[in-house]
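# Remarks on the overall topology
Listed below, chain by chain, are the residues.
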Amino acid sequence: MAQHITHDPSYDTVDRDAFPVMMDVGRYNRRTDAFDQIISATHDHFWDPLDAKYVDYSQSFDLEKDYLMPLEQVPELTGAVLEHLDEGQQIRLANESTRWGLSSILHGEQGALSLSASLCHILVDPGAQEYASNQAREEARHVTAFAMYIKSRWGTAYPVGDSLGTLMEELVLAPEVYKKLVGMQMLIEGLAMGAFANLHRHTNDPVLKRLVQLVMTDEAFHHKFGKIWADRTIPKLSEKEHEIVEDWAAKCFETLLYNLTNIRQKRHIYPQFGLEWEWVRDAVREVYTDRDATRRESLRDPTNIMRVLVKTLLNAGIITDRTRPLYANWIDVDDLEREQGLHIGEAIAADGMAYLKELNAGRKVIGQKPI
């Protein structure tokens, strides 16, 4: 029996097979206004990944000569690995690492699409169901957009990493709504916003820069769906319920911190360079002898994906004194609390919204497609 933690009717759920509940005549009149604002904003951040006016995938980028991301963002290209490769191979390995990261994002968007669709089957409130269906549509265009970008640059994506694949499977199939909302709408979406902000800030490819900005205009609202749940639910949790949510979020954080981008997860990259992943792992370890210190240093970057994730949990009230030391081992939580304003990802998303409003202004709209 699933342990549901629900304290607000906006997020009430039923079993996914209880379809007759959806046709209860009284249900149609019990629509709350909790999600009206983010539903109404759907048209404001419309974009079409199939329309070159939004993203033009035909723009070329020389993967043999130019780095998609700065060299310092590729931990493998240090020490013995760097010495083993000539300049052209170094560029190719760096870009293959970016390909792997973008493939992970593609798989994450597919997970978000499947999870959003699953919410449509179980959310009782018609407004919550409508928003979940909107999000499913937006996640679908993200899948299309990243698939098209990867195809234009490399042809195919890399397989999903073990840790990310396992976590997303748990989230999509979980019957507990709190796991879906905290896990996907807050953890994974927070992770994605950090990743997109980092890509937007550092990439040398203008196509990728534009793509992630447009995706962020959607993701900012997806995050708000989870934030509404947190605002309405976290203050009402019993101590035991809060511990359940808090401990599960902490477990997910540790899983992602240790496994999301480690060498073993990226093992499909190295054979084409005549390298075994175990050798690459050992070579990197020789350079980063204190890997924990390296992680802590990386978490100082405001666009670091794990830093954005922790800030998301902190702002939601999920982190308390019980688990604070776990996060404080990696990041200055006090400093994080003192940070003012939006996440850097949300600022980029706001700029993207302004761009879309200007691009879409004055055009006749049939359905949602500007013509």
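A brief report on the enclosed structure follows. If you're wondering where the values come from, they're calculated on a predicted model, not measured in any experiment. Each chain has its residues counted from 1, following the order in which its sequence is written. Local features in this predicted model are restricted to residues of pLDDT 70 or higher, and side-chain atom pairs are both shown and tallied only at a pLDDT of 80 or more, whereas totals for entire chains, interfaces and linings draw on every residue. Side-chain numbers here rest on the full set of heavy atoms in the structure, without hydrogens or water.

### Digging into the packing of helix 6 (residues 177-202) against helix 11 (residues 305-315)
Every axis in this analysis is a line fitted to C-alpha atoms, fitted for helices over the stretch in contact. Angles between the N-to-C directions lie between 0 and 180 degrees. Each helix corresponds to a stretch of at least 4 residues labelled H or I by DSSP, and each strand to a stretch of at least 2 residues labelled E; elements are numbered beginning at the N terminus. The interhelical angle for the contact between helix 6 and helix 11, taken along N-to-C directions, is 140°, at an axis separation of 7 Å. Taken together, helix 6 and helix 11 sit at an angle that is classed as oblique. Regarding helix 6 and helix 11, the two cross each other, and that crossing is right-handed. Packed against helix 6, whose contacting residues are M186, L187, G190, L191, G194 and A195, the element helix 11 presents I305, M306, V308, L309, T312 and L313 at the interface. Side-chain classes follow a simple rule in which Ala, Val, Leu, Ile, Met, Phe, Trp, Tyr, Cys and Pro form the nonpolar group, Asp, Glu, Lys and Arg form the charged group, and the remainder, Gly included, forms the polar group. Across the contact of helix 6 with helix 11, the residue classes break down as nine nonpolar, three polar and no charged. Note on terminology: angles under 35 degrees are roughly parallel, angles over 145 are roughly antiparallel, angles of 65 to 115 are roughly perpendicular, and the others are oblique. Each crossing gets its hand from how the near helix is turned against the far one by less than a right angle, where anticlockwise is left-handed and clockwise is right-handed. Here, residues are in contact when the closest pair of their heavy atoms is within 4.5 Å.

### Re the pattern of salt bridges
Whenever Lys or Arg places a side-chain nitrogen within 4 Å of a carboxyl oxygen from Asp or Glu, that contact is recorded as a salt bridge. In total, this model carries 21 salt bridges according to the counting rule given. For R30, the salt bridge goes to D24, with nearest N and O atoms at 3.8 Å. Only protein chains enter the area calculation, which uses a 1.4 Å probe; residues under 20% of their type maximum are buried, those over 50% are exposed, and those in between are partly exposed. Taking relative accessible area as the criterion, D24 reaches 37% and is therefore assigned partly exposed. In this structure, the salt-bridge partner of R324 is E337, at a minimum N-O distance of 2.9 Å.

### Overview of the nonpolar core
Counting residues in each nonpolar core, the largest one holds 59 residues, and the members touching the most others are F35, L119, F225, W229 and I318. The criterion is simple. A nonpolar core is a set of buried Ala, Val, Leu, Ile, Met, Phe, Trp, Tyr and Cys residues joined through side-chain atoms within 4.5 Å. Core analysis: the next-biggest nonpolar cluster, separate from the first, contains 38 residues, V55, I105, W154 and V212 among them.

### Thoughts on helix 7 (residues 206-233)
In this model helix 7 runs 41 Å from its N-terminal to its C-terminal C-alpha over 28 residues, within 8% of the 40 Å that 1.5 Å per residue would give. Bend is the name given here to the angle between axes fitted to two runs of seven residues, the run ending at a residue and the run starting at it. Largest kink in helix 7: about 30°, centred on T217. Burial of helix 7 is extensive: 21 of the 28 residues sit out of reach of the surface. By the criterion applied in these results, polar contacts are pairs of N or O atoms within 3.5 Å in which, for protein atoms, one can donate a hydrogen and the other can accept it, and in which residues neighboring in sequence qualify only through two side-chain atoms. Measuring from the backbone nitrogen of V207 back to the side-chain oxygen at the start of helix 7 gives 3.0 Å, which picks out D205 as the cap. Helices are assigned an expected span. That span is 1.5 Å times one less than the residue count.

Coordinates in, geometry out; function isn't part of it.
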